[in-house]
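Residue strings, one per chain:
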Amino acid sequence: MRRLGLKAFAIGLEEEDAERELRDGDVDIVYGSPESWCSPVWSKELKDGQLGKQTVCIVVDEAHAVSAWGEVSVNNRGKKKQPFREAFARVKDLRSLLPGIPVLALTASVKVKDRSSLCKAC
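Think of each chain on its own: its residues are numbered from 1, step by step along the sequence as written. Per-residue local features are limited, in this predicted model, to residues with pLDDT of at least 70; the limit for side-chain atom pairs, both in listing and counting, is 80 or more; totals at the level of whole chains, interfaces and linings are taken over all residues. The basis for the side-chain values is all heavy atoms of the structure; hydrogens and waters are excluded.

## Points about the overall build of the protein
Phase 1 of the analysis: Counting its secondary structure elements, the protein contains seven helices and six strands.
Phase 2 of the analysis: Helix and strand definitions follow DSSP, with helices as H or I runs of at least four residues and strands as E runs of at least two, each counted in order from the N terminus. Beginning at the N terminus, the succession of helices and strands in the protein can be written as β-α-β-α-α-α-β-α-β-β-α-β-α.
Phase 3 of the analysis: Taking contacts inside the protein between residues at least 6 apart in sequence as the whole, the part at least 24 apart equals 49%.
Phase 4 of the analysis: For the area figures, the Shrake-Rupley method with a 1.4 Å probe applies, and any residue is considered shielded solely by the protein chains shown. Summed over all atoms, the accessible surface of the protein reaches about 8,600 Å², with 52% contributed by carbon and sulfur. Whether two residues touch is decided by their heavy atoms; if any such pair falls within 4.5 Å, the residues are in contact.

## Remarks on the pattern of salt bridges
Phase 1 of the analysis: A pairing counts as a salt bridge when a side-chain nitrogen of Lys or Arg comes within 4 Å of a carboxyl oxygen of Asp or Glu. Within the structure shown, the criterion is met by three salt bridges.
Phase 2 of the analysis: Close ionic contact of Lys44 with Asp48 constitutes a salt bridge, the shortest N to O distance being 3.2 Å. Taken as a pair, Lys44 and Asp48 lie in helix 3 (residues 40-48) at a separation of four residues, close to a single helical turn.
Phase 3 of the analysis: According to the relative accessible area criterion, Lys44 is exposed, its value standing at 53%.
Phase 4 of the analysis: On the basis of relative accessible area, Asp48 is assigned to the partly exposed category, the value being 45%. Partly exposed describes any residue whose relative accessible area lies between the buried limit of under 20% and the exposed limit of over 50%, with all areas from a 1.4 Å probe on protein chains only and scaled to the type maximum.

## Observations concerning the packing of helix 1 (residues 16-24) against helix 3
Phase 1 of the analysis: Geometry is summarised by axes, namely lines fitted to C-alpha atoms with helices restricted to the contacting stretch, and by angles between N-to-C directions that run from 0 to 180 degrees. Closest axis-to-axis distance for the helix 1/helix 3 pair is 11 Å, and the angle between their directions is 35°. For the pair helix 1 and helix 3, contact is made by Glu19, Leu22 and Arg23 and by Val41, Trp42 and Glu45, respectively.
Phase 2 of the analysis: Only Asp, Glu, Lys and Arg are considered charged, only Ala, Val, Leu, Ile, Met, Phe, Trp, Tyr, Cys and Pro nonpolar, and every remaining residue, Gly among them, polar. Classifying every residue of the contact of helix 1 with helix 3 gives three nonpolar, no polar and three charged.

Okay, structure coming up:
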């Protein structure tokens, strides 16, 4: 990213100084897990902070996991199984924090039959 002249930030992996730069709007690309983005702190930052004002796109990588990991499933005995990573089911909630901002969902392994559920989940 640096060679392209872009400042990148990974939520939860950076020092406090870098987080301050992010909150001040001095970052071009921000990476984060669904658990990070859906947390109260970062949800508020997206909704009310400088970060949300500067956001031009939400990109979800490994998007096939949104519907596969975020939903309650039922095993072969009919017993409900809690989601592997519940926050994946809340990725679509980011849209309500940033209305009108496009979402780009990336995956290389979604099956044709699962595409419509993936579109609903993102």
